[in-house]
2 protein chains.
Amino acid sequence: MRPRLVLFGDSITEQSFSPGGWGAALAEHFARQADVVLRGLSGYNTRWALKVLDRAMEGAAAGAADPAAVTVFFGANDANLPDQPQAHQHVPLEEYQANLRAICAHFKNQWPSAAVILITPPPIYEPARILDIYGDNAPSRQPERTNEAAGTYAQACIAVAKELDHPVIDIWTKMQQFPDWQTSALCDGLHFTPFGNKILFDEVLKTLGSIGFSQHSLPSDLPLFHEIDPKDPLKAFEI
Amino acid sequence: MRPRLVLFGDSITEQSFSPGGWGAALAEHFARQADVVLRGLSGYNTRWALKVLDRAMEGAAAGAADPAAVTVFFGANDANLPDQPQAHQHVPLEEYQANLRAICAHFKNQWPSAAVILITPPPIYEPARILDIYGDNAPSRQPERTNEAAGTYAQACIAVAKELDHPVIDIWTKMQQFPDWQTSALCDGLHFTPFGNKILFDEVLKTLGSIGFSQHSLPSDLPLFHEIDPKDPLKAFEI
């Protein structure tokens, strides 16, 4: 039975199958080895995610087997500032951590053998957020999200992961190590360019590898073309 | 329970989650509505596909529900010329048709309510095939596949679809209607560029629409962000 990876998160997960997206890249990378299941909910914070957890996961695990891993990638919306236009997405820091704990507990309860991989919110490029929300002529406006707030939520996410002994991807820190990350990795100060997607994809692969889930370690589904003997092709299909 | 689309075919299916790929585009398009399951087997012809059908579909249908649709996209390898280097992939025309019938029968038997959508082999651009196989200095070589042979197999595929009353996508004809299809739609005379992928994606959407499977007709998973009232967000999550 093919193992499964479940991707659970907000818009950065929902959009992960766009051209160059990190979800599609995982599906391509593991095309002959694993199924990638998309459960992205644009705009959601951890409070809302927790409300729909059971319904969101319907059909995510095929049959009896636990998914091999599930990524939990929330916080970009929780970290919205409480006094700006997207305030209804804001979740206070302590509740964000409590919600993450509850989401992880739910997964470990439902799928004891699944690895639960936390991903921190990404960094924010504030001028692009102001542009995205208010258009060209808004130099006096404040962004609805700040990089500082995202960093605080990222640290809070890492703390929960350490407390629960779950692997965590600190995409907030990682992304900021790349030149011009503000525009090379982010397309609107929040969502990912193909390059930003590649950064996350590489981190997810690395984390999956650390729990023994890799192209190298997984069996391939059915004989690969180069394993089929041109002189006796059907031999490869004898069970 | 989310409906599922199963993509079954050769390398053009296996590679369909590469950047701009038609499989990833389906997963993105139906992100909040359906799961797309990848079952691509590079290099396979219908003879080999038939040998592995049961094993290839393990885990493809989650639980009890039939997939809504399965695409069957073989023929590009069957149509290899019998006297060229890829002859071991060649399947005679009549056997190709018999194998397609057997694959369709298997799916209709296993998943009675699933729509089985046949896709013809794509057109072939022969100079690019010669270049791909023999490199730069091979003007005297013959290609391993010809567009004429692919067209013959495409017609044979269409005939089987009509006989069985299954929807069929004639990508061989459709693709050749686009300017410079030889290089705009194909990257190596056989596999698809992002533009070629887009052509097939559009055709698959159209065919799915014709059987009542569309963004418009399918319910969306869980409240969409614009349906959540900023003044009372949790209201949207009351069951």
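Definitions and cut-offs
- Residues numbered from 1 in each chain as written.
- Chains lettered and ligands numbered in written order.
- Predicted model: local features only at pLDDT ≥ 70, side-chain atom pairs only at ≥ 80, totals over all residues.
- Heavy atoms only, no water.
- Least-squares fit on C-alpha atoms with pLDDT ≥ 70 in both.
- Contact = heavy atoms within 4.5 Å.
- Pairing = 2+ DSSP bridges.
- Helix = DSSP H or I, 4+ residues; strand = E, 2+ residues; numbered from the N terminus.
- Salt bridge = Lys/Arg side-chain N within 4 Å of Asp/Glu carboxyl O.
- Axes fitted to C-alpha atoms, helices over the stretch in contact; angles between N-to-C directions.
- Parallel < 35°, antiparallel > 145°, perpendicular 65-115°, else oblique.
- Left-handed = near helix turned anticlockwise from the far one by under 90°.
- Nonpolar A, V, L, I, M, F, W, Y, C, P; charged D, E, K, R; others polar.
- Buried area = accessible area lost by both parts, 1.4 Å probe.
- Core = buried A, V, L, I, M, F, W, Y, C linked by side-chain atoms within 4.5 Å.
- Buried < 20%, exposed > 50% of the residue type's maximum accessible area, 1.4 Å probe, protein only.
- 1 Å grid on protein atoms, 1.4 Å probe; cavity = no way out; pocket = protein on both sides within 12 Å on 5 of 7 lines; lining within 4 Å.
- Points joined across faces, edges and corners; volume = space filled by probe spheres on them.
- Right-handed = clockwise from strand over helix to strand, strands pointing away.
- Arc of directions from axis to C-beta.
- Polar contact = N/O pair within 3.5 Å; in protein donor to acceptor, adjacent residues only side chain to side chain.
- Phe/Tyr/Trp six-rings, centres within 6.5 Å; stacked < 30°, edge-to-face > 60°.

Q: I would appreciate a short explanation of the relation of the copies chain B and chain A in the present structure.
A: Here the two chain copies are tied together by a rotation about an axis and a shift along that axis. Under the fitted operation, chain B is carried onto chain A by 0.0 Å of movement along the axis and a turn of 180°, and the coordinates agree to an RMSD of 0.0 Å. Classification of the inter-copy transformation places it as that of a two-fold axis. Most of the interface of chain B is mirrored in chain A, where 100% of its interface residues again form contacts.

Q: In this structure, what is going on with the sheet that holds strand 1 (residues 4-9) of chain B? I would like to understand it.
A: What holds strands together in a sheet is hydrogen bonding between their backbones, with the strands either parallel or antiparallel. On the basis of which strands lie adjacent, the open sheet formed by five strands has the order 2-1-3-4-5 (chain B) and parallel pairing. Across the chains shown, the open sheet's two edge strands, defined by having one partner strand only, are strand 2 (35-40) and strand 5 (168-169) of chain B.

Q: Where do I start with the pattern of salt bridges in this structure?
A: Side-chain pairs of opposite charge can arise whenever the charged atoms involved come near each other. Evaluation of the coordinates by the stated rule reveals 28 salt bridges over all chains. Each of Arg2, Arg4, Asp35 and Asp221 of chain A together with Arg39 of chain B takes part in salt bridges that share partners, so that together they form one network.

Q: Even after reading the chapter, I still don't get the packing of helix 3 (residues 46-56) of chain B against helix 4 (residues 93-110) of chain B, so can you show me in this structure?
A: Angle between the axes and distance between the axes are the two parameters that describe a pair of packed helices. Residue and element names in this part refer to chain B. In the contact formed by helix 3 and helix 4, the axes pass within 9 Å of each other and the chain directions differ by 20°. Classified by the interaxial angle, the pair formed by helix 3 and helix 4 is roughly parallel. Pair helix 3 / helix 4 crosses with left-handed handedness. When helix 3 is examined against helix 4, the residues Thr46, Arg47, Ala49, Leu50, Leu53 and Asp54 are found in contact with a partner set consisting of Glu95, Tyr96, Asn99, Leu100, Ala102, Ile103, His106 and Phe107. Considered class by class, the residues forming the contact of helix 3 with helix 4 number eight nonpolar, three polar and three charged.

Q: Sorry, what's going on with the interface of chain B and chain A here?
A: One frequent convention defines the size of an interface as the accessible area lost when the parts assemble. Taken together, the 45 residues of chain B in the interface contact 45 residues of chain A. Counting the surface lost from both chain B and chain A, the interface buries some 4000 Å², and carbon and sulfur atoms represent 66% of this. When the area that chain B buries against chain A is broken down by residue, the three leading residues are Leu222, Phe225 and Phe237 of chain B, summing to 16%. Joining chain B to chain A, the criterion identifies four salt bridges.

Q: Looking at this structure, how should I read the nonpolar core?
A: One recurring pattern in soluble globular proteins: nonpolar side chains tend to sit buried together. Core analysis: the largest hydrophobic core is formed by 72 residues, its most contacted members being Trp22 of chain A together with Trp22 of chain B. The residues contacting Trp22 of chain B, other than those within four sequence positions of it, are Leu7, Ile12, Thr13, Ser16, Thr71, Phe73, Ile119, Asn197, Leu200, Phe201 and Val204 of chain B.

Q: Would you mind showing me how to read empty space enclosed by the protein here?
A: Any space left empty among the atoms is revealed by the rolling of a water-sized probe across them. All told, the structure shown has six cavities of 30 Å³ or more when counted by the stated rule. Each pocket or cavity is described by its volume, and for the largest cavity that value is around 190 Å³. Around the largest cavity sit 20 residues that line it, and Val36 and Val37 of chain A together with Phe17, Val36 and Val37 of chain B are the ones nearest its centre. Looking at the lining of the largest cavity, the elements with two or more residues in it are strand 2 (35-40) of chain A together with strand 2 of chain B. By residue class, the composition of the lining of the largest cavity is 14 nonpolar, no polar and six charged.

Q: Would you take a moment to explain the pairing of strand 1 of chain B for this structure?
A: Remember that side chains alternate between the two faces of the sheet whenever the strand is regular. Residues and elements named next belong to chain B. The element strand 1 is extensively covered by neighbouring structure, given that six of its six residues are classed as buried. Here strand 1 shows a buried face lined by Arg4, Val6 and Phe8 and a second buried face lined by Leu5, Leu7 and Gly9. Summarising the sheet, strand 1 and strand 2 pair through six bridges and their orientation is parallel. Note that in strand 2 the partner of Phe8 across the bridge is Arg39.

Q: How should the pairing of strand 3 (residues 69-73) of chain B be read in this particular structure?
A: Residue and element names in this part refer to chain B. With five of five residues buried, strand 3 lies mostly within the body of the structure. Neither face of strand 3 is left uncovered, since the one carrying Ala69, Thr71 and Phe73 and the one carrying Val70 and Val72 both have all their residues buried. Of the strand pairs in this sheet, strand 3 and strand 4 (residues 115-119) are connected by four bridges, and their pairing is parallel. Its bridge partner being in strand 4, Ala69 is matched across the sheet by Ala115. In this view, the connection linking strand 3 to its parallel neighbour strand 4 by way of helix 4 has right-handed handedness.

Q: What exactly am I supposed to notice about the packing of helix 2 (residues 22-29) of chain B against helix 9 (residues 194-210) of chain B here?
A: Residues and elements named next belong to chain B. Helix 9 packs onto helix 2 with a crossing angle of 50° between their chain directions and a minimal axis gap of 9 Å. Regarding the angle of helix 2 to helix 9, the classification is oblique. Crossing of helix 2 over helix 9 shows right-handed handedness. In contact with Trp22, Ala25, Leu26 and His29 of helix 2, helix 9 contributes Asn197, Leu200, Phe201, Val204, Leu205 and Leu208. Taken together, the residues of the contact of helix 2 with helix 9 break down into eight nonpolar, two polar and no charged.

Q: What is the right way to read helix 3 of chain B from this model?
A: In an α-helix, one turn spans 3.6 residues; hence positions three or four apart end up facing the same way. Residues and elements named next belong to chain B. Of all the residues in helix 3, the buried ones are Thr46, Trp48, Ala49, Val52, Leu53 and Ala56. Looking straight down helix 3, one finds its buried side chains confined to an arc of 160°; they lie on one side. Buried-residue contacts for helix 3 involve strand 1, strand 2 and helix 4. Its side-chain oxygen placed 3.1 Å from the backbone nitrogen of Arg47, Asn45 serves as the N-cap of helix 3.

Q: Any chance you could explain the packing of aromatic side chains here in plain terms?
A: Aromatic rings in a pair are described by how distant their centres are and how their planes are angled relative to each other. All names here are of chain A. Applying the stated criterion to the full structure yields 25 aromatic pairs over all chains. Between the aromatic rings of Phe8 and Phe74, the centroid separation amounts to 5.0 Å while the plane-to-plane angle is 75°, which identifies the pairing as edge-to-face. Residue Phe8 is found in strand 1 (residues 4-9), and its partner Phe74 is found in the loop between strand 3 (69-73) and helix 4 (93-110); the two are separated by 66 residues along the sequence. The pair Phe8 / Phe74 is uniform in exposure class, with both members buried. Among the aromatic residues, those joined into a ring-pair cluster are Phe8, Phe74, Phe107 and Trp111.

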